[in-house]
Each structure stands twice: as C-alpha cells, then as structure tokens.
Amino acid sequence: MESKKKNAIDKHFLLSVKDEKLFEQINAIVDSKFNINKVEQVKYGDKYYDVTITPIKNYKSEISDILLVFHNITEFKELDQAKDDFISIISHEFKTPLTSIMMGTSMILEEKIGAINDKQRSTLMAIEEESEKLTELVNELIELTKIESGKEMYNFKCCSIFGIAQNTVKPLYNIANEKGVNLTNTIDEDMPCVYADPEKITWVLNNLITNALKYTDAGDDITISASVDGDFMQISVKDTGAGIPKEYKDKIFDKFFHVQNDDEFEIKGTGLGLAVVKEIVEAHGGKVWCESDIDVGSNFMFTLPICDERG
Ligand SMILES: Nc1ncnc2c1ncn2[C@@H]1O[C@H](COP(=O)(O)OP(=O)(O)O)[C@@H](O)[C@H]1O
Ligand SMILES: [Mg+2]
C-alpha cells in the first residue's frame, strides 16, 4: 500500500487512476470555472466507487486544486445485484404456474371440460383478468431486470421505422376499434433507416401505444408519426386523452410510478412500462420525453440515431 502511494505521488493522474472518463469530467469542471460538486460512478477491478469532484479555489478565486473523494460503494452494489437477481429468479418462477392458471381458466371458460353457470363464469373471468395483469407485471419485471443487469443483448442494425411501426400497430387496431379510438400511423415509407434493435423498438412503441390506449376514451385520437431531426429520427406517439399533470411529467419514467387519480380506484398497470422504455431508448443513444396537458392529451417522443445507408 505504502509503495502504491509513493508510486502515485507527482505522477500524472491518468498514470495512477486509469480512467479517462473521470479525467475528462475533472477537466470539464476546471474549464467551466464553476464551483461544482460532481459525483461520478467508477469501477476499478471488482470494486465500485462514487467519486465526488470538488474544485478548490485560491484567494484569487482561481481553481488551484481538485479534491477527489472516493467512496467505496461495492457492498451497496452487491446488495443491489442480489435484489435484482432475486426479482429475476422470482419472476421466472412465476411464469410457468401463471401460464397454467391462464390456460386452465380459459379451458373452463370455453366449457371444454364441462358446462359452467353464469356465476362461475363471472368468477372465472375475474380470475382471468387478474392473471393477465400478473402476467404483464411478471413480463415487465423480467424485461427490466434483464435490461438493468446489462445482460440484455441488443441486436443493432439498420432498420425501417415504418416497418417497425406497421408491425406494432397491426395487432392494436382491433383494441382501438373496440374502444372507438382512432389509431393512425402516419410514418412515411421512405423515411431514412434507424440504427436500432427492431425487437426492442417494437417493445417501446407497443408500450407507448398501449399506454395511450389506456388513457383515451371513445372519440379520441392516437397518432404515430416520425420526423428527421439532424442525425436523429424523432418518433412520436400522440394522444388526445386524459393527459398528465405537469408535476409528474418526469416522474412517470420512474419504476412503479402511477399518477394518482381521485376518481380512479383501480390501478391500471404495473408502472414499469415507461421505466423499460427509457432504458431501451437510452441504450440506443436516444432520449425519451413527454409533453402533456390535462384533458388535452399527451405526446410521448423518443429519438433514435439515423443510419447512413438507406433501405
Ligand atoms: N398516454 C398517457 N396518457 C396519460 N397518462 C399516461 C400515459 N402514458 C403514461 N401515463 C402515466 O404514466 C404512468 C406510468 O406509465 P407506465 O410506466 O407505462 O405504467 P403503467 O402503464 O403500467 O401504469 C401511468 O400509470 C400513467 O399515470
Ligand atoms: Mg404502461
């Protein structure tokens, strides 16, 4: 330890702490000349640290030194990992029995095992609905833990956003029709291609449209559109539904967050969808945000890098 300390003294920062990202952060703070206290998370070997960067000024108010405090958070990270593993294992364990419950219920409902009376039917339909909700929760938990653990593999390629949108919207037209909501995909066929994992983006779009369907009523519109903004494609899912109060506009991307509604007793979903959407879009180098007004509607937008090739 003593020799390590000696080796570091009077050496360039990057020779003892081999972290270019951290060095860039420090330089940015020095350049900005502001008094910023910034925390970065870094990993050395199998240890994780929170690094607080604090510039120290001399009597002329010039930055003379930089103080770095390394806080070892490995234990916390390991606990977090254990929690994620636990959730992942439990959700996988839930999947098989849930599938049996759903299949069994639907067989009885379809009277394949014998006739049922109206009371039995309505009880079974309640069981079916609750099982569907639980399945949605389990699927979203599995997706989220996979993505957060970094184990999720992305299959990036040049793909058509028109094609992805068409495939996502197709199975949702029926639900929209039943609700009396006008679902329209206005994305043009000759839009440039995006560099993305088509399966993941289908998931993202499906989540945004399913949300829009949840918070709209008969007569409302849901419109999917895309436009080019520099090197990025901006995709929008806009609805004329309930809208989101201003104070919750960013919170809705947090895990398990629901906007509390006075006249709504039933929770409509898991509150995980948008958290997964955010993780996926950011893994593509894009961003996601929302503009919304109560009773006017919501517009969810996300960006994806455009591919150089067309096709
Ligand atoms: N299109 C929308 N219109 C109104 N509120 C929305 C819309 N999309 C999302 N929200 C709000 O954001 C919350 C979080 O969404 P999400 O993470 O997908 O969870 P879930 O759909 O399971 O409730 C929802 O519970 C709802 O309050
Ligand atoms: Mg949702």
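Residues numbered from 1 in each chain as written. Chains lettered and ligands numbered in written order. Predicted model: local features only at pLDDT ≥ 70, side-chain atom pairs only at ≥ 80, totals over all residues. Heavy atoms only, no water.

1. Some thoughts on the overall build of the protein
The criterion, for reference: A run of DSSP states H or I qualifies as a helix once it reaches four residues; a run of E qualifies as a strand once it reaches two. Both are numbered from the N-terminal end. Our radius of gyration looks at C-alpha atoms and nothing else; its globule reference is 2.2 Å times the residue count to the power 0.38. Three labels apply to residues, based on accessible area from a 1.4 Å probe with only protein chains included: buried if under 20% of the type maximum, exposed if over 50%, partly exposed otherwise in between. Computed with the Shrake-Rupley method and a 1.4 Å probe, the accessible areas treat only the protein chains shown as cover for residues. In this tally, Asp and Glu contribute negative charge and Lys and Arg positive charge; neither His nor the terminal groups of the chain are included. In plain terms, the charge of a residue is placed at NZ if it is Lys, CZ if Arg, CG if Asp and CD if Glu.
The number of helices and strands found in the protein is 9 helices and 10 strands. In summary, the protein has a C-alpha radius of gyration of 25 Å against a globular reference of 19 Å for 311 residues, an excess of more than 25%. Relative to its full complement of 311 residues, the protein shows a buried share of 33%. Accessible surface, the protein as shown: approximately 19300 Å² in total, 53% of it carbon and sulfur. Side-chain charges of the protein comprise 35 positive and 55 negative groups, with the mean position of each set lying 7 Å from the other.

2. Some thoughts on the environment of Thr145
The condition that has to hold: The contact criterion used throughout is that any non-hydrogen atoms of two residues lie within 4.5 Å. Throughout this description, a polar contact denotes any pair of N or O atoms lying within 3.5 Å of each other; where both atoms belong to protein, one of them has to be capable of donating a hydrogen while the other can accept it, and for residues adjacent in sequence the pair is counted only when both atoms sit in side chains.
Among the secondary structure elements, Thr145 is positioned in helix α5 (residues 118-148). Relative accessible area serves as the criterion here: at 7%, Thr145 is assigned to the buried category. In this structure, Thr145 is in contact with Asp84, Ile87 and Ser88, ignoring residues within four places of it in sequence. Of the polar contacts made by the side chain of Thr145, one reaches the backbone oxygen of Ile142; its length is 3.1 Å.

3. Digging into the packing of aromatic side chains
Note on aromatic pairs: each is described by the distance of the centres and the angle between the planes. Keep this limit in mind: Aromatic rings from Phe, Tyr and Trp, taking only the six-membered ring of Trp, are treated as a pair when their centres fall within 6.5 Å; an angle between ring planes under 30 degrees marks them as stacked, one over 60 as edge-to-face, and anything in between as tilted.
Scanning the entire structure with this criterion turns up 5 aromatic pairs. Centre to centre, the rings of Tyr154 and Phe156 are 5.4 Å apart; their planes meet at 10°, and the pair counts as stacked. Of the residues examined, Tyr154 reaches a relative accessible area of 22% and is grouped as partly exposed. The exposure class assigned to Phe156 is partly exposed, which follows from its relative accessible area of 29%. Note on Tyr248 and Phe257: the rings are 5.5 Å apart at their centroids and 50° apart in plane angle, and the pair reads as tilted.

4. Describing helix α8 (residues 198-214)
Applied cut-off: For a helix, the expected span equals 1.5 Å multiplied by the number of residues minus one.
Helix length check: α8, at 17 residues, gives a terminal C-alpha distance of 24 Å against a target of 24 Å (1.5 Å per residue), a fit within 8%. Of the positions making up α8, those classed as buried are Lys200, Ile201, Val204, Leu205, Asn207, Leu208, Ile209, Asn211, Ala212 and Leu213.

5. Regarding the packing of α8 against helix α9 (residues 273-283)
So the rule is basically this: Only the stretch in contact is used when fitting a helix axis, every axis being a line fitted to C-alpha atoms; angles between N-to-C directions are given from 0 to 180 degrees. By definition, turning the near helix anticlockwise from the far helix through less than a right angle yields a left-handed crossing, and turning it clockwise yields a right-handed one. In this classification, Asp, Glu, Lys and Arg are treated as charged, Ala, Val, Leu, Ile, Met, Phe, Trp, Tyr, Cys and Pro as nonpolar, and every other residue, Gly included, as polar.
One can describe the packing of α8 onto α9 by two numbers: an axis separation of 10 Å at closest approach and a directional angle of 145°. In terms of crossing hand, the pair formed by α8 and α9 is left-handed. Listed contacts from α9 to Lys200, Ile201, Trp203, Val204, Asn207, Leu208 and Asn211 of α8 are Gly273, Leu274, Val276, Val277, Ile280 and Val281. Among the residues forming the contact of α8 with α9, the class breakdown is 9 nonpolar, 3 polar and 1 charged.

6. Description of unusual backbone geometry
For Glu111, which is not glycine, the phi torsion reads 60° and is therefore positive. Its place among the elements puts Glu111 in the loop between α4 (74-109) and α5. Positioned with a positive phi, Asp295 is a non-glycine residue whose angle comes to about 65°. Position of Asp295 relative to the elements: it lies in the loop between β9 (288-293) and β10 (297-305).

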